[in-house]
Amino acid sequence: MIGPANAYQPDYAVAPGTMLAERLEAHDMSYADFARRCGRSPKLISEIVAGKAPVEPETALQFEKVTGVAAHIWLGLESDYKLHRAQEVERRQAEKSTSWAKRFPVNFLVKHGVMDKTSSSAAAVSGLLAFFGVGSVEAWSVKYGAASVNYRHSPSFESDECALATWRRLSELEAEKQTCAEFNAARFKKSLGEIRKLSREPFGEAIRKAGDLCNESGVVLALVPPLPKAAISGAAWWLSSQKAVIALSARHKTDDHLWFTLFHEAAHILLHSKKDVFIDSKENGADEREAEANRWAADFLIPSEAWEIFVEAGPKSVRMLSRFAEEQGIAPGVVVGRLQYEGRLPWGHPLNKLKRRLEWVKAGS
C-alpha cells in the first residue's frame, strides 16, 4: 500500500485525478506502475488524472486497495467534482440570463419572504428558477410562458408576462398548502349553490366557508394579492387530474367583482379542458370559452328568467334592488355589478354604495 487509510474529505471541489496525481508523486510511483497494481490500463489512469474519465465504483474499490484511501472517498470526490462542474456551467448560463431575471419583481418576492436576497444578477436567476420550481429558463418558458397560458387582457392595459407568471406561481404555492378531496363535478356544482348564498355574509367568514366547500369538492380556492403590472382578476387550472385551482386577486376590491370572478373561474373548471390554464384579466374576453364562462357565471348567480323580469321593471331604488337580492339569496352588490356590466346602470350611480369594499390586510392585523 502507498499509505494508511485517509478519512479526509475536502470541503471544496477537487478532481479525484488531482488527488491521485499528488499521491503518486509523493510516493514516487508512475502511472504505469499504479495501473499494473490496480489491474487497469495506463491510459485509463492518465485520463482519470486529466479529468477526462470518471472514477467508477469498481475503479474506486481498486484504488482503495492500492492507496488505502476508502472507495467512498474516491467516489465522493468524483461526485463533488461533477456537481461543481455542473454548478459552474449553470452559473455561466445564469450570467447569460440576467436580462431575463430583470423582468421579474425580485424585490417584491424578497420583501414578502418567498425568495432570499441575492448578491448578484446570476444569483437572482438561480433564485427565480428555484421559486418557480424549474431547472432552466427554457423550462420556465415551457411551463409559464405566454404560449402555454390563455392570457386575457384589458384593451387598455396589457399585463406584464413575468408579473402574471409570478402571481400564478404564488397562487400555486398557496394552493399546494391546501388538502382537498378528489374532484367531483356534481359535488362542486352543489357547493357552488352554497357559496352563492355566502355572498350575503361578512366577507372574511364567507370566503373561509367557500374555501372549505371547494376543498370538499376537489377544488382549491387561493386568494393572492395582485402584483404591480399584473391586471389579474383570477385564474383557473388543474394541479393534477383530481385537484383544480381557483385563484382570486380581489384586484377591484369590491364584492360583486370577486364573487363573479369566482363563479367565472368555476365555469372554466366545469366546462373546459383540464389541459388549459385560464388567466383572466377582464371579464369580457373575446375568446368563446371566456364568453361561455361569463354567461354561465351570470346565470348561476342570477337565473336568467328572474333577471329579465327584474330589469324590465327598471330598478331605480335601493329598496327594489335590495328586495330582489334578498329574494335571490345573493348580495345586493352582485346585482348592482351586473346592472353596470350590462350598461343598465352608470358606474357612478348612487346604487353603487350597495357594493361592499374589500381590503387586503396583513396576517395578524
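Up top is the structure.
Here, residues in each chain are numbered from 1, in the same order as that chain's written sequence. The model is predicted, so local features are restricted to residues of pLDDT at least 70 and side-chain atom pairs to those at 80 or more, both for listing and for counting; the totals for chains, interfaces and linings are taken over all residues. Note: side-chain values were computed over all heavy atoms of the structure, leaving out hydrogens and water.

> Would you mind going over helix H4 (residues 57-67) with me for this structure?
Every α-helical turn comprises 3.6 residues, leaving residues that sit three or four positions apart pointing alike. Only protein chains enter the accessibility calculation, which uses a 1.4 Å probe; a residue whose area is less than 20% of its type maximum is buried, one above 50% is exposed, and one in between is partly exposed. In this description a helix means any DSSP run of H or I spanning at least four residues, a strand means any run of E spanning at least two, and both kinds are numbered starting from the N terminus. Within H4, burial applies to Thr59, Ala60, Gln62, Phe63, Val66 and Thr67. Looking down the long axis of H4, one finds its buried residues gathered within 160 degrees of arc, a one-sided arrangement. For H4, the exposed residues lying more than 90 degrees away from the buried face are Glu58 and Lys65. Once H4 ends, the next one or two residues include Gly68, with phi positive near 85 degrees. Directions drawn from the helix axis to the C-beta atoms are what define this arc.

> What exactly am I supposed to notice about the packing of helix H11 (residues 185-198) against helix H12 (residues 203-216) here?
Between two packed helices, what matters for the description is the angle formed by their axes and the separation of those axes. For helices, the axis comes from a line fit to the C-alpha atoms of the stretch in contact; other axes are also lines fit to C-alpha atoms, and the angle between any two N-to-C directions lies between 0 and 180 degrees. Remark: H11 packs on H12, axes separated minimally by 9 Å, with the N-to-C direction vectors making an angle of 175 degrees. Looking at the two axes, H11 sits roughly antiparallel to H12. Contacts between H11 and H12 pair Arg187, Phe188, Ser191, Glu194, Ile195 and Leu198 from the former with Ala206, Lys209, Ala210, Leu213, Cys214 and Glu216 from the latter. The class makeup of the residues in the contact of H11 with H12 is 7 nonpolar, 1 polar and 4 charged. Note on angle classes: values under 35 degrees are labelled roughly parallel, values over 145 roughly antiparallel, values of 65 to 115 roughly perpendicular, and the remainder oblique. When checking whether two residues touch, look at their non-hydrogen atoms; a contact exists if any pair is within 4.5 Å. Note that Gly is not counted as nonpolar here; it falls among the polar residues with everything else outside the nonpolar set of Ala, Val, Leu, Ile, Met, Phe, Trp, Tyr, Cys and Pro and the charged set of Asp, Glu, Lys and Arg.

> Teacher, can you tell me more about the pattern of salt bridges here?
Charged atoms that come close allow side chains of opposite charge to pair. The salt bridge criterion pairs a side-chain nitrogen of Lys or Arg with a carboxyl oxygen of Asp or Glu, the two atoms within 4 Å. If you walk through the whole model with that rule in mind, you get 17 salt bridges. Residue Asp255 pairs with Arg356 through a salt bridge whose shortest N-O separation is 3.5 Å. Residue Asp255 is found in helix H13 (residues 255-271), and its partner Arg356 is found in the segment after helix H17 (332-341); the two are separated by 101 residues along the sequence. Salt bridges sharing partners connect three or more residues here, namely Arg168, Arg169, Glu172 and Glu176.

> For this particular structure, what's the right way to read the nonpolar core?
What tends to happen in soluble globular proteins is that the nonpolar side chains get buried as a cluster. If you look at the biggest cluster of nonpolar residues, it comprises 50 residues, and the most contacted ones within it are Phe188, Leu192, Ile195, Phe263 and Val335. By residue number, the principal contributor to this core is H13, which donates 8 residues. If we skip the residues at most four places from it in the chain, Phe188 touches Phe183, Cys214, Ser217, Val219, Ile246, Ala266, Ile269 and Leu270. Among buried residues, the Ala, Val, Leu, Ile, Met, Phe, Trp, Tyr and Cys ones that are joined through side-chain atoms within 4.5 Å form a nonpolar core. Membership of the second largest hydrophobic core comes to 34 residues, among which are Val106, Phe131, Tyr144 and Ala247.

> How should the pairing of strand E2 (residues 219-223) be read in this particular structure?
The side chains of a regular strand alternate, first on one face of the sheet and then on the other. Of all 5 residues that make up E2, 4 are buried, and the element is covered over most of its length. Pairing between strands is defined by DSSP: at least two bridges between them are needed. In this sheet, strand E4 (residues 243-248) lies alongside E2 in parallel orientation, the contact comprising 5 bridges. Within E4, the residue paired with Leu221 across the bridge is Ile246.

> Just checking my understanding: could you explain the side chain of Ser217 for this structure?
Within the element layout of this structure, Ser217 appears in the loop between H12 and E2. A relative accessible area of 0% places Ser217 in the buried class. A polar side-chain atom of Ser217 sits 2.8 Å from a polar atom in the side chain of Ser191. Here Leu213 takes part through its backbone oxygen, which lies 3.1 Å from a polar atom of the side chain of Ser217. Excluding its chain neighbours within four sequence positions, the residues that come into contact with Ser217 are Glu182, Phe183, Asn184, Arg187, Phe188 and Ser191. We call two N or O atoms a polar contact when they sit within 3.5 Å, provided that within protein one can donate a hydrogen and the other can accept it, with sequence-adjacent residues counted only if both atoms are side-chain atoms.

> Looking at this structure, I do not really get helix H3 (residues 42-49). What am I missing?
Listing the buried residues of H3 in full gives Leu44, Ile45, Ile48 and Val49. Seen end-on, H3 carries its buried residues on one side only, within an arc spanning 135 degrees. Elements in contact with the buried residues of H3: helix H1 (16-26), helix H2 (31-38) and H4. Backbone geometry just downstream of H3 places Gly51 in the positive-phi region, at approximately 80 degrees.

> Explain the packing of aromatic side chains to me, please; I cannot follow it from the model alone.
Each aromatic ring pair is summarised here by two numbers: the centre-to-centre distance and the angle between the ring planes. Centre distance within 6.5 Å is the pairing criterion for rings of Phe, Tyr and Trp, where only the six-membered ring of Trp is used; planes under 30 degrees apart are then read as stacked, over 60 as edge-to-face, and the remainder as tilted. In this structure the tally under the stated criterion is 17 aromatic pairs. Here Phe63 and Trp74 contribute two aromatic rings whose centre-to-centre distance is 5.2 Å and whose plane-to-plane angle is 75 degrees, an arrangement assigned as edge-to-face. Taken together, the residues span a long stretch of sequence, with Phe63 in helix H4 and Trp74 in helix H5 (residues 71-96) at a distance of 11 residues. Take Phe63: its relative accessible area is 0%, and that puts it in the buried class. Classification of Trp74 as buried rests on a relative accessible area of 0%. Look at Trp100 and Trp140: their rings are 5.7 Å apart centre to centre, the planes differ by 75 degrees, and that puts the pair in the edge-to-face class. With Trp100 in helix H6 (residues 98-101) and Trp140 in helix H9 (residues 137-144), this residue pair connects regions lying 40 residues apart in the sequence. Directly above the ring of Trp237 sits Arg168, whose terminal nitrogen or CZ lies 5.6 Å from the centroid. In this analysis the charged atom, NZ for Lys or CZ for Arg, is taken to sit over a ring once it is within 6 Å of the ring centre and within 35 degrees of the ring normal.

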